[in-house]
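# What the coordinates show
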Amino acid sequence: MEGEVRGSIEARGSAMKALYYDELKGHKGIKIGEFPVPEIADNDVLVRVKAFSLNHLDVWVMGGTYPVQVPLPHIFGSDASGIVEKTGKNIRHIKTGDPVIVFPGLSCGQCERCMSSHDNLCKDFSIIGIKNNGASAEYMKVPASNIFIKPEGLSFEEAAGIGVTYTTSWNSLVLRAGIRQGDTVLIHAAGSGVGTALIQVAKLYNAAVITTVGDDWKARKAKELGADFVINHQKEDFAEAVKRITNGELTDIVVDHVGLATFNKSLSCLKKGGRLVSFGATSGDEVPLSLRYIFGKNITVHGVYVGPKSAVHEYLKLFPARLKTVVDSVFDFSDAQKAYEKLLSRQFFGKIVVKI
Ligand SMILES: [Zn+2]
């Protein structure tokens, strides 16, 4: 990468090192440069970032395929952990030196939805690192309401992998699909960051978890995480496998973030009254649908975009005793391009993290 900067922040006054891009041409456009340390307002916190984790969202945004206007040059990344460097003058509940996790959802904080645990439905809701600068820098400015104290026993690398992944997973299974004890749940792509979180959340409810992988080595890891049945979708049609595994009873919930390649077959895996959660479409987002199938089987489709802050309060207390971040790999700051290459290769299991 070009323009690497060395030296500590103290030695460089109010400048900080950041990963950024100045055109939307994908991860190959990531550079290292110097930016001013962000100025904070009275209700903000300045975080010294220790690590950030990768999300597929970053790839869509930096490739120009995400339907939002991205300011350039752009510091990216939505999921961060770090240490509080400075707090705005209105802030009482957080202090300098606190180890923290940054919640990635931004909202107005004042509307009815923000005030009633539905901040992800605020009309101003957005994700850190898309319309504003994100986590791929030595320092980031965050509203104090987005700061959560890091649970003890978690490394900064593990903490950086929680925000998007667990908020989406908790919202999907607990808040939206209303998972019940002993439900049968199909989770696609066990090796994705969100797949590793969904398996663990489903097991909190003693669910029978069926999951899919594209490589045998991932099947072993999925079982170690608690999955009861693993289907290699390269070797067996997953819908046929679900019929076989459930003796034709099918599943209560399917979580599908693959889209076109799986969506209709995912519907066919549901019992009557089943719930399908959709929060991604990595294989394509325009899907032919049989409406008769949906109403005939009383199926509910839940669209999920991350989740509310209230979800974080619920799941964070379960770390690290009952939930964990599966960290696939940790890359150095100067190797961020390689980290994204790994994400695109699909040869990973869990979260890919960059330390700063
Ligand atoms: Zn609002």
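Scroll up for the structure.
Residues numbered from 1 in each chain as written. Predicted model: local features only at pLDDT ≥ 70, side-chain atom pairs only at ≥ 80, totals over all residues. Heavy atoms only, no water.

## What about the pattern of salt bridges?
Using the criterion set out here, one finds 17 salt bridges in the structure. Here Lys123 makes a salt bridge to Asp124, at a shortest N to O gap of 3.9 Å. Judged by its relative accessible area of 41%, Asp124 is partly exposed. With a shortest N-O distance of 3.8 Å, Lys355 and Asp332 are connected by a salt bridge. Here the residue Lys355 occupies a position in strand β17 (residues 351-355), and Asp332 occupies one in strand β16 (residues 327-332), the gap between them amounting to 23 residues. With relative accessibility at 35%, the residue Lys355 sits in the partly exposed group. (Salt bridge = Lys/Arg side-chain N within 4 Å of Asp/Glu carboxyl O. Buried < 20%, exposed > 50% of the residue type's maximum accessible area, 1.4 Å probe, protein only. Helix = DSSP H or I, 4+ residues; strand = E, 2+ residues; numbered from the N terminus.)

## What about the layout of surface pockets?
The method is simple in principle: a probe with the dimensions of a water molecule rolls over the atoms, and the space it marks as empty is what remains. Taken as a whole, the largest pocket holds about 1,200 Å³ of empty space. Around the largest pocket, the lining comprises 48 residues; the ones closest to its centre are His56, Ala189, Ser192, His257 and Thr282. Mapped onto the lining of the largest pocket, the elements with two or more residues apiece are α1 (56-62), α3 (163-176), α4 (193-204), β11 (208-213), α10 (336-345) and β17. Residue composition of the lining of the largest pocket, grouped by class: 19 nonpolar, 22 polar and seven charged. Estimated volume of the second largest pocket: approximately 220 Å³. Together, 16 residues line the second largest pocket, and Pro38, Asn132, Asn133, Met140 and Lys141 are the ones closest to its centre. Mapped by element, the contributors of at least two residues to the lining of the second largest pocket are β2 (31-36) and β8 (139-143). Here the lining of the second largest pocket gets five residues from one element, more than from any other, and that element is β8. Each residue belonging to the lining of the second largest pocket can be placed in one class, and the counts come to eleven nonpolar, three polar and two charged. (1 Å grid on protein atoms, 1.4 Å probe; cavity = no way out; pocket = protein on both sides within 12 Å on 5 of 7 lines; lining within 4 Å. Points joined across faces, edges and corners; volume = space filled by probe spheres on them. Nonpolar A, V, L, I, M, F, W, Y, C, P; charged D, E, K, R; others polar.)

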